Amino acid sequence: MRKLLLLLSFMALAINVSAQNGNALDQLKADPRKAYGNDYPYPHYIVDLTKAPDGYRPFYISHYARHGSRYYWNAFLYQELDSLLSKAHKMQVLTPEGEGFYEKFMAAKDELKTGVSELTQLGWEQHQKIARTMYNNFPEVFEKGGNVLAISSLTGRCVLSMSAFCQELVQCNPAIEVREQSSRFTLDGVVPTDRQNPKRRDYPKSTPKWESHRDQFHYEDHLGEKVLARVFKTTEGLPGNMHHVASNLINLYTSLPSIGHDGMMGNIITDQEIADRWEMTNLGSYSWVFGPRYDMIPILRDILAKADAVINGTSDHIADLRFGHDTCIGPLTVLMGINGADTDPEDPNEVKNIYQNWQTCKASNIQLVFYRGEKGADDVLVKMLFNGLEAKLPVPTDCYPYYKWSDFKQFYQNRCDEIK
């Protein structure tokens, strides 16, 4: 049985990897859970990375990651469902499917309410595996040990994600020295919008062009109505706005794999139903990450400055690690134009081709890997890995997926400088 499970797991991984370069809808067919968007648990792909040009060796990595899988971020979801289901059970208006859900929810509710927003075991393991994969992919960076600086949001789930990652690096090589910091002093480089950031400033916000052409996108969403009908015989006399209740149920469903409670909701919702409405929800996600993209300029400047310090010899870091939130890595994806995310199409039907909200999944991460050549200190290339996959940037290059550091630095300095 164990061999069969391993074989099925490998086959599923192969399907995922083969679909990674397909269009968004093809990727959804291969893995409907990608429709969970930023609730999607991190997918660990096994891929063959493009070999560096002759004479180039990796020597430094700059990284930004979202925290790993967690309980739902808002206590109100669990509290409201507790009150609602308790009353519906007492009124005897739950369907048989609803009763089954009620029993499982009540058995887990103390855990859920206690765990609100906290990192789960899966979230810890995600960052452990990402760290070990980084180490194995780029052993030249880490083989002699060296100094690593890791900074984190002040939030516990980010601090623990940082700890999981850093502990795994040291397990790989005890000669690695890691300095972990969760401090107001470093917020500008990891969560610049935090109200406790002493350097916090306001940047201009904007609206993506598709929003002016909403009438070009057509989709009738009836999932909420279907979900309510599967849980309740009637909603009359129940507390709360039923549209909000349906949203709570859908949000709970997509969070369940991250907290180890798959199956709690039975057949009340299916992955395919979430996938069927994905293009609609992805539009909202794009607006959400597009609007505040300039707020992430301090993170991009931190990346440029720390890499520059390593390259010019004023820093001895072999890696700089950052651990934050989807509210940062999502807009940073757009600011940097990763895989065309800054394209800003007018046609809402095109948005899915330049941004997919599963890119901002649990433990999503950016890795900039720096390679030194044989022609001197200025002979440096950089490659972008986004969630473990080689990614395209809007920087001109003749050796993709590698970019000259001088071109990379100038391009993004200009992008930062043009926003006041």
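Preceding block: the structure.
Nothing here was measured: the structure is a model prediction, and the numbers come from that model. (Residues numbered from 1 in each chain as written. Predicted model: local features only at pLDDT ≥ 70, side-chain atom pairs only at ≥ 80, totals over all residues. Heavy atoms only, no water.)

Participant: Report on the nonpolar core, specifying residues and quantitative values.
Facilitator: Core analysis: the largest hydrophobic core is formed by 76 residues, its most contacted members being Tyr78, Phe105, Phe142 and Leu252. Residue contacts for Tyr78: discarding those within four places in its chain leaves Tyr71, Tyr72, Phe105, Leu112, Lys113, Val116, Leu252 and Ile259. (Core = buried A, V, L, I, M, F, W, Y, C linked by side-chain atoms within 4.5 Å. Buried < 20%, exposed > 50% of the residue type's maximum accessible area, 1.4 Å probe, protein only. Contact = heavy atoms within 4.5 Å.)

Participant: Give a description of the packing of aromatic side chains that names residues and reports values.
Facilitator: Within this structure, the stated rule accounts for 15 aromatic pairs. For the pair Trp405 and Phe408, a centre-to-centre distance of 5.7 Å together with 25° between the ring planes defines the contact as stacked. Here Trp405 pairs with Phe408, and both are found in helix 14 (residues 405–417), just three residues apart, close to one helical turn. A connected cluster of aromatic rings, assembled from ring pairs, spans Tyr60, Phe370, Trp405, Phe408, Phe411 and Tyr412. In this arrangement the basic side chain of Lys392 is found over the ring face of Tyr400, its NZ or CZ atom lying 5.8 Å from the centre. (Phe/Tyr/Trp six-rings, centres within 6.5 Å; stacked < 30°, edge-to-face > 60°. Helix = DSSP H or I, 4+ residues; strand = E, 2+ residues; numbered from the N terminus. Lys NZ or Arg CZ within 6 Å of the ring centre and 35° of its normal.)

Participant: Describe the side chain of Arg293, with residues and values.
Facilitator: With respect to the helices and strands, Arg293 occurs in the loop between helix 11 (278–290) and helix 12 (297–312). Of the side chains with opposite charge, Asp344 comes closest to the buried, unpaired Arg293, at an N-O distance of 5.9 Å. A polar side-chain atom of Arg293 sits 2.8 Å from a polar atom in the side chain of Tyr294. Beyond its immediate chain neighbours, meaning those up to four positions away, Arg293 contacts Ser206, Pro331, Val334 and Leu335. (Lys, Arg positive; Asp, Glu negative; His and termini not counted. Salt bridge = Lys/Arg side-chain N within 4 Å of Asp/Glu carboxyl O. Polar contact = N/O pair within 3.5 Å; in protein donor to acceptor, adjacent residues only side chain to side chain.)

Participant: Please set out the packing of helix 12 against helix 14 residue by residue, giving values where relevant.
Facilitator: At a minimum axis distance of 10 Å, the contact between helix 12 and helix 14 shows a crossing angle of 150°. Between helix 12 and helix 14, the angle is such that the two are roughly antiparallel. Remark: the crossing between helix 12 and helix 14 carries left-handed chirality. Residue-level contacts link Ile297, Leu300, Arg301, Leu304, Ala307, Asp308 and Ile311 of helix 12 to Trp405, Phe408, Lys409, Tyr412, Gln413, Cys416 and Asp417 of helix 14. Grouping the constituent residues of the contact of helix 12 with helix 14 by class yields nine nonpolar, one polar and four charged. (Axes fitted to C-alpha atoms, helices over the stretch in contact; angles between N-to-C directions. Parallel < 35°, antiparallel > 145°, perpendicular 65-115°, else oblique. Left-handed = near helix turned anticlockwise from the far one by under 90°. Nonpolar A, V, L, I, M, F, W, Y, C, P; charged D, E, K, R; others polar.)

Participant: Please give an account of the packing of helix 12 against helix 13 (residues 326–336) that cites residues and values.
Facilitator: Across the interface, helix 12 lies against helix 13 with an axial gap of 9 Å and an inter-helix angle of 70°. What the angle tells us is that helix 12 and helix 13 run roughly perpendicular. The segment helix 12 lies against helix 13, with Ile297, Ile299 and Leu300 engaging Cys328, Leu332, Leu335 and Met336. Residues of the contact of helix 12 with helix 13, tallied by class, amount to seven nonpolar, no polar and no charged.

Participant: I'd love a proper account of helix 9 (residues 242–259), names of residues and values included.
Facilitator: Spanning 18 residues, helix 9 covers 25 Å between terminal C-alpha atoms, matching the ideal 26 Å at 1.5 Å per step. The largest bend along helix 9 measures about 25° and falls at Tyr253, with the proline Pro257 one to four residues further on. With respect to burial, helix 9 is a largely interior element, 14 of its 18 residues being buried. The backbone nitrogen of His243 lies 2.9 Å from a side-chain oxygen of the residue at the head of helix 9, namely Asn241. Directly after helix 9, the chain includes Gly260, whose backbone phi takes a positive value near 75°. (Expected span 1.5 Å × (residues − 1). Bend = angle between axes of the 7 residues up to and from the residue.)

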